[in-house]
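Chains, contacts and geometry: an overview
Residues per chain, in single letters:
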Amino acid sequence: VTRARISTLAAPAALAALSACGGRQSALDPAGPQALHLFNLGNFLYLTAGAVFLAVMAALAMALVRSRRRDVPDTSEAGEGRARRTVILAVGGTVAILLVFLVVSFLTGRAYSVTPLGGRPLQISVVGHQWWWEVVYNDSVHSRSLTTANEIHVPVGRTVILKMTSHDVIHSFWVPNLAGKKDLIPGYSTTTWFRADRPGMYRGVCAEFCGHQHANMGLLVIAEPPAQFARWYEAQLADAMPPTDTVASTGKNVFMGAHGCVLCHTVRGTDAGGRVGPDLTHLASRRTLAAGTVPNTRGWLGGWVMDPQGIKPGAHMPPNDMRPDELQALLTYLQGLR
Amino acid sequence: MRLPRGARLALGTITLAALAAGCEREQRRFRETPPSATPGSEVQTSGGFVPGPPLPEIRVVTPYLNNAYAVSQGKSLYLQMNCVGCHSHGGGGIGPPLMDDRWIYGAQPENIYQSIQEGRPNGMPAWGSRLSSDQIWKITVYVMSMSGQVRKDVAPGRDDHMQGKKQEQGTEERNPRASGGIPPASAFP
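Every value quoted in this text rests on a predicted model; they were computed, and no experiment measured them.

On to the overall build of chain B, then. Counting secondary structure elements, chain B contains five helices and zero strands. Counting from the amino terminus, helix and strand elements in chain B follow one another as α-α-α-α-α. The buried share among the 189 residues of chain B stands at 29%. Sequence-distant contacts in chain B: of pairs separated by 6 or more residues, those separated by 24 or more amount to 60%.

Before going further, it helps to spend a moment on the sheet that holds strand β7 (residues 182-184) of chain A. Residue and element names in this part refer to chain A. Pairing is mixed across the open sheet formed by five strands, whose spatial order is β4-β10-β9-β6-β7. Looking at which strands have only one partner, the edges of the open sheet turn out to be β4 (151-155) and β7. Neighbour-to-neighbour, the strand axes of the sheet open up by a mean angle of 25°, direction not taken into account. As defined by bridge partners, β4 adjoins strand β10 (residues 218-224) across five bridges and the pair is classed as parallel. When the sheet's bridge partners are listed, Pro 155 is paired in β10 with Glu 224.

Another point: unusual backbone geometry. Residue and element names in this part refer to chain A. Along the chain, Gln 130 connects to Trp 131 via a cis peptide bond; the corresponding omega equals -5°. As for its placement among the helices and strands, Trp 131 is situated in the loop between β1 (122-129) and β2 (132-137). Even without a glycine there, the phi angle at Ala 290 is positive, about 55°. Locating Ala 290 in the fold gives a position in the loop between β11 (288-289) and β12 (294-295). For Ala 290, a relative accessible area of 15% gives the class buried.

Right, let's get into the pairing of β4 of chain A. Counting buried positions over the five residues of β4 of chain A gives five, a clear majority of the element. Residues Glu 151, His 153 and Pro 155 of chain A point to one face of β4 of chain A and Ile 152 and Val 154 of chain A to the other, with burial holding for every one of them.

Tallied over the entire structure, the rule returns zero disulfides over all chains. Cysteine Cys 261 of chain A remains unbridged, with the sulfur of Cys 264 of chain A as its closest cysteine sulfur at 9.0 Å. According to the relative accessible area criterion, Cys 261 of chain A is buried, its value standing at 13%. Cys 86 of chain B forms no disulfide, and the closest cysteine sulfur to it belongs to Cys 83 of chain B, at a distance of 8.9 Å. Note on Cys 86 of chain B: relative accessible area 33%, which makes it partly exposed.

Glancing now at the confidence of the model for chain B. All names here are of chain B. Summarising the model, chain B shows a mean pLDDT of 75, and 68% of its residues fall at 70 or more. The least confident element of chain B, judged by mean pLDDT, is helix α1 (residues 5-21) at 87; the most confident is helix α3 (residues 84-87) at 92. Within the model, pLDDT remains below 50 along residues 170-183, and this stretch shows 15 contacts once partners closer than five positions in the same chain are excluded. The complex model carries a pTM of 0.80, and its ipTM stands at 0.73.

Moving on, we come to the sheet that holds strand β8 (residues 190-194) of chain A. All names here are of chain A. Pairing within the open sheet is mixed, and its five strands lie in the order β3-β2-β1-β5-β8. Two strands lie at the open edges of the sheet, namely β3 (146-149) and β8, each paired on one side alone. Ignoring strand direction, the axes of neighbouring strands in this sheet form an average angle of 25°. When β2 meets β3, the two strands line up antiparallel, connected through four bridges. Each residue of the ladder has a partner; that of Glu 134, found in β3, is Ala 149.

Under the definition given, this model contains twelve aromatic pairs over all chains. Judged by centre distance (5.7 Å) and plane angle (90°), the rings of Trp 133 of chain A and Phe 173 of chain A are edge-to-face. Taken together, the residues span a long stretch of sequence, with Trp 133 of chain A in strand β2 and Phe 173 of chain A in strand β6 (residues 171-174) at a distance of 40 residues. Judged by relative accessible area, Trp 133 of chain A falls into the buried class, the value being 0%. On the basis of an interplanar angle of 70° and a centroid distance of 5.2 Å, the ring pair of Tyr 78 of chain B and Tyr 142 of chain B is categorised as edge-to-face. In this pair, Tyr 78 of chain B sits in helix α2 (residues 68-80) while Tyr 142 of chain B sits in helix α5 (residues 133-146), placing the two residues 64 residues apart along the sequence. A residue is classified by how much of its surface remains accessible, and Tyr 142 of chain B, at 7% relative accessible area, is buried. Here the aromatic cluster, defined as three or more aromatic residues joined through ring pairs, consists of Tyr 137, Phe 229, Trp 232 and Tyr 233 of chain A.

The next thing to look at is the pattern of salt bridges. All names here are of chain A. Under the counting rule described, the total for this entry stands at ten salt bridges over all chains. Close ionic contact of Glu 326 with Arg 323 constitutes a salt bridge, the shortest N to O distance being 3.7 Å. For Glu 326, a relative accessible area of 17% gives the class buried. Look at Arg 323 and you get partly exposed, because its relative accessible area is 48%. One network of salt bridges, with partners in common, ties together Arg 323, Asp 325 and Glu 326.

Our focus in this paragraph is helix α6 (residues 298-306) of chain A. Residue and element names in this part refer to chain A. Buried within α6 we find Leu 301, Gly 302, Trp 304 and Val 305. All buried residues of α6 fall inside an arc of 165° around its axis, so they share one side. Those residues of α6 that are buried are in contact with β11, α7 (308-311) and α8 (324-335).

Let us look at the side chain of Asn 67 of chain B. Residues and elements named next belong to chain B. Residue position: Asn 67 is located in the loop between α1 and α2. Asn 67 sits in the buried class, given a relative accessible area of 7%. Look past the residues within four positions of Asn 67 in its chain and what remains in contact with it is Glu 26, Gln 27 and Val 154.

Rules and cut-offs
Residues numbered from 1 in each chain as written. Chains lettered and ligands numbered in written order. Predicted model: local features only at pLDDT ≥ 70, side-chain atom pairs only at ≥ 80, totals over all residues. Heavy atoms only, no water. Helix = DSSP H or I, 4+ residues; strand = E, 2+ residues; numbered from the N terminus. Buried < 20%, exposed > 50% of the residue type's maximum accessible area, 1.4 Å probe, protein only. Contact = heavy atoms within 4.5 Å. Pairing = 2+ DSSP bridges. Axes fitted to C-alpha atoms, helices over the stretch in contact; angles between N-to-C directions. Disulfide = S-S within 2.5 Å. pLDDT = per-residue confidence, 0-100. Phe/Tyr/Trp six-rings, centres within 6.5 Å; stacked < 30°, edge-to-face > 60°. Salt bridge = Lys/Arg side-chain N within 4 Å of Asp/Glu carboxyl O. Arc of directions from axis to C-beta.

This is the structure in structure tokens:
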């Protein structure tokens, strides 16, 4: 393979690799100050380590070239002294670099741990469940607090303080574009914060192994302009839309009836008040089902209702045994919960 | 004594196989076949109080007996479905205790299943129309574990909330402010 050939192959490959750095779930594409701190620290560590690697490789190449010129090793007094000086230099350099790393990561940690309390931060409680996220927007006026799941909407430019705990086992909240990881611990509350400086949709995951469906415990943080956020908040505060046609009201009866949906799920404004599973008051307004596992479409919703274990084995939603007409009515009702 | 090479190899293989066999103690059953797919698989229930001699006993083998995963799932269902409200954590209250050896309606798995599914007089609601049969089976095996009817290594461990001592951390959660509502932002570290 000629050199030209290598570069024609390598250039697109490198571009493809670089393009993976951006996107919805990437620590290399910071969208807020917390993620930026970590990004800068990472860059500093990578670049320094890269430079050290290159220096070591250069020294090795030099040594190889030099040893070719000589048949016998240099055991003279002067040669020994040179070797000693080189070793001292290398060890000293290594220690100095590690000390610099220590100081830089300490400073990053300091900067990272300061929570800016000015400018009326938005307070959100996050409760980890196997395997989904309960999101509660706290407001001092209780009737303006609201509960949703797996999707956190935030206004751009406003500090968001997350107070987190877990319902069952240890989880970890990680939205790489916005902030580092923070554990959710049962019986104990942890606090972290982030700020999204530009609008966008940022995907997050659970970053602490928490059981069978750990890998399918995703969430979305949607940062939008303040006016749009306020509109979303008002819409979410409203009770569930009552069914408008006969099919949807049949579906509502299915939901409230024999299949026991109400034992686990809440739909505000109706009799359904279960607290075991996610709040479904505005289910149709969410983008994904089953904590970011599948898109929220009618087909996936039907599959999820009938056979959740086929989509997410081990999830705590039980399979349902419904007649096709019941299922279709239920889907129409659920899709009307905007 | 030095064993020949072949014998050593065989011995090693057998030991490894024995160790590997220990890895799979039991199977987690996630995807139960719905009862409608296999007619007749559901537990026959008596259909309420009927006059005359007692109905013939039903013999069912629950797939979950001595399955640790199912027992732990049953435990969380027991909490989620608020069985605690009447039976407490086995000690009873409004409902009868479940951790003793006195059974009003029978101690067999199928009796317990039936009690949950059909309900019982004086307040036990019928769950048959609300929970799926595998969920009822899971609760059944957990209820059995309370009175020591499942193997010891299968029964769930102790509860964090039943400790006599105070938790080391997280006490603030138990003392909500008298004024109510959320603490001011300055209370966040």
